[in-house]
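Each chain, written out:
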Amino acid sequence: MRAAIYCSYGPPEVMELKDVEQPSIMDDDRVLIRVHSASVNALDYLYRKGYLPTRLENGLIKPKKSILGIDVAGTIEAIGNNVHKFKVGDHVFGSCFGSHAEYVTPRENTLSHIPKNVSFEEAAAIPCAAQTALQALRDVAQIKQGQRVLIYGASGGVGHFAVQLAKYFGTEVTAVCSTSNLQWVKDIGADYVLDYTKEDFENNGKKYDIILDAVGKRTFFRCLPSLTEAGVYITEHLFYPKYHPIQLMVSSLISRKKAKIHLAKPNDKDLDFLSSLVEEEKIRPVIEKCFPLNQIVEAHRHVESGRTKGKIVINIITE
Ligand SMILES: NC(=O)c1ccc[n+]([C@@H]2O[C@H](COP(=O)([O-])OP(=O)(O)OC[C@H]3O[C@@H](n4cnc5c(N)ncnc54)[C@H](OP(=O)(O)O)[C@@H]3O)[C@@H](O)[C@H]2O)c1
């Protein structure tokens, strides 16, 4: 099968297309998916660049697993003996390492049926970013109706789902992004939009019950004055040193305001829930651009620029 692979850590140019062995179903709870589309996430370029935490998992000197991609949308071509939720021919989406390839074999508990009202491309844009936003707001911050929520980095993959989910949970949403993104972020539901190139939310005198820093640009210390008495600050950024867990733990000891680092946990229940929200038109993925697999280098460059509006998607098959 065709796959985008990397054999050494480095810039986007280390990615290349190669023919590799097609995976087969090794466990009874796995399915074989012919991949239609897959998105590119920040995690893909962190692995490709060889950030230390990713090297500890994927090889210190060179990558052990050479195919990237963590989101998938496609058609089931075969199922393991213990698969009950899906059948051959089903259109599914979900989480699976190695999805920048023609075939993958994820476990059934990381997948859901594609919502009827979206394409493969749109479905591929959902899993990682939307589950991250959902779990951060619902499970970590325990979001409640009527709260004031600020989403920092509202125009990115995680951020644009966070805006829509925070509205779904009945909160007042302030979205922070740059000038060119203000209008579409308002269009997806933000009550207020702040242009970070012109004003700083830390100076507007408002307090928020939840501040979700989706792009790792604001520390807990900077956000403290803008949090309510029992306010929660969450960062999604795992590897940036100033967000080191020790700092967050120490910060939490000095006030009732809480600081949390969140690591998304892919699972089918959350995917099913997100799928139903998409079908009910409560949330929708926004895709800035789709690239064919043979433009994987350009797709990586784009995502690594940190300027993506919504999501970037790779099309593996186009028919
Ligand atoms: N913890 C987890 O489980 C988990 C899961 C997924 C992602 N993440 C992490 O979450 C972060 C965001 O991921 P993502 O996929 O949402 O990223 P992304 O889509 O690449 O984010 C791009 C967005 O960031 C905005 N941005 C860039 N600089 C900004 C600034 N100074 N202030 C405000 N916004 C700014 C850009 O808007 P402008 O062009 O308008 O500036 C752009 O829309 C990454 O660090 C990723 O590693 C963590």
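Up top you'll find the structure we're talking about.
Below you will find a few notes about this structure. (Residues numbered from 1 in each chain as written. Predicted model: local features only at pLDDT ≥ 70, side-chain atom pairs only at ≥ 80, totals over all residues.)

## Considering the overall build of the protein
Regarding its fold elements, the protein presents ten helices and 15 strands. Whereas a compact globule of 319 residues would reach a radius of gyration of roughly 20 Å, the protein reaches 19 Å, a difference of no more than 12%. Expressed as lengths along the three principal axes of its C-alpha atoms, the size of the protein is roughly 55 × 45 × 35 Å. Within the protein, counting contacts between residues at least 6 apart in sequence, those at least 24 apart form 67% of the total. (Helix = DSSP H or I, 4+ residues; strand = E, 2+ residues; numbered from the N terminus. Rg over C-alpha atoms; globule rule 2.2 N^0.38 Å. Contact = placed C-beta atoms within 7 Å.)

## Here we look at the site of the ligand
The full set close to the ligand counts 33 residues, and A42, G156, G157, S178 and A264 are the nearest of them. Those elements giving two or more residues to the shell around the ligand turn out to be helix 1 (42-49), helix 4 (127-140), helix 5 (157-168) and strand 9 (172-177). Along the lines of polarity and charge, the residues of the shell around the ligand split into 15 nonpolar, 14 polar and four charged. For the shell around the ligand, the domains that each give at least three residues are domain 1 (2-126 + 285-315) and domain 2 (129-261). (Near = placed C-beta within 6 Å. Nonpolar A, V, L, I, M, F, W, Y, C, P; charged D, E, K, R; others polar. Domains from an automatic or database assignment.)

## Brief notes about the nonpolar core
Of all hydrophobic cores here, the largest spans 92 residues; its most connected members are A133, L137, I151, A162, A175 and L212. By residue number, the principal contributor to this core is helix 4, which donates seven residues. Counting contributing residues, this core receives three or more from each of domain 1 (2-126 + 285-315) and domain 2 (129-261). Those residues within four positions of L137 in sequence are excluded, and the remaining contacts are I143, A162, L165, A166, F169, I210 and L212. (Core = buried A, V, L, I, M, F, W, Y, C linked by C-beta atoms within 7 Å. Buried ≥ 20, exposed ≤ 12 C-beta atoms within 10 Å, placed from the backbone.)

## Things to note about the environment of K18
With respect to the element layout, K18 can be found in strand 2 (residues 16-19). For K18, a count of 14 C-beta atoms within 10 Å gives the class partly exposed. Linking K18 and E304, residues 286 residues apart in sequence, is a C-alpha distance of 22 Å.

## Some details on the pairing of strand 8 (residues 148-152)
Counting buried positions along strand 8 yields five of five residues, so the element is predominantly enclosed. What you see with strand 8 is no split at all: R148, L150 and Y152 on one side and V149 and I151 on the other are buried throughout. Two strands pair when backbone bridges link them, and strand 8 and strand 9 are joined in this way by five bridges, in the parallel orientation. Across the sheet, the residue bridging to L150 is T174, located in strand 9. In this view, the connection linking strand 8 to its parallel neighbour strand 9 by way of helix 5 has right-handed handedness. Two elements, strand 8 and strand 11 (residues 208-213), share four bridges in a ladder whose sense is parallel. Each residue of the ladder has a partner; that of I151, found in strand 11, is L212. (Pairing = 2+ DSSP bridges. Right-handed = clockwise from strand over helix to strand, strands pointing away.)

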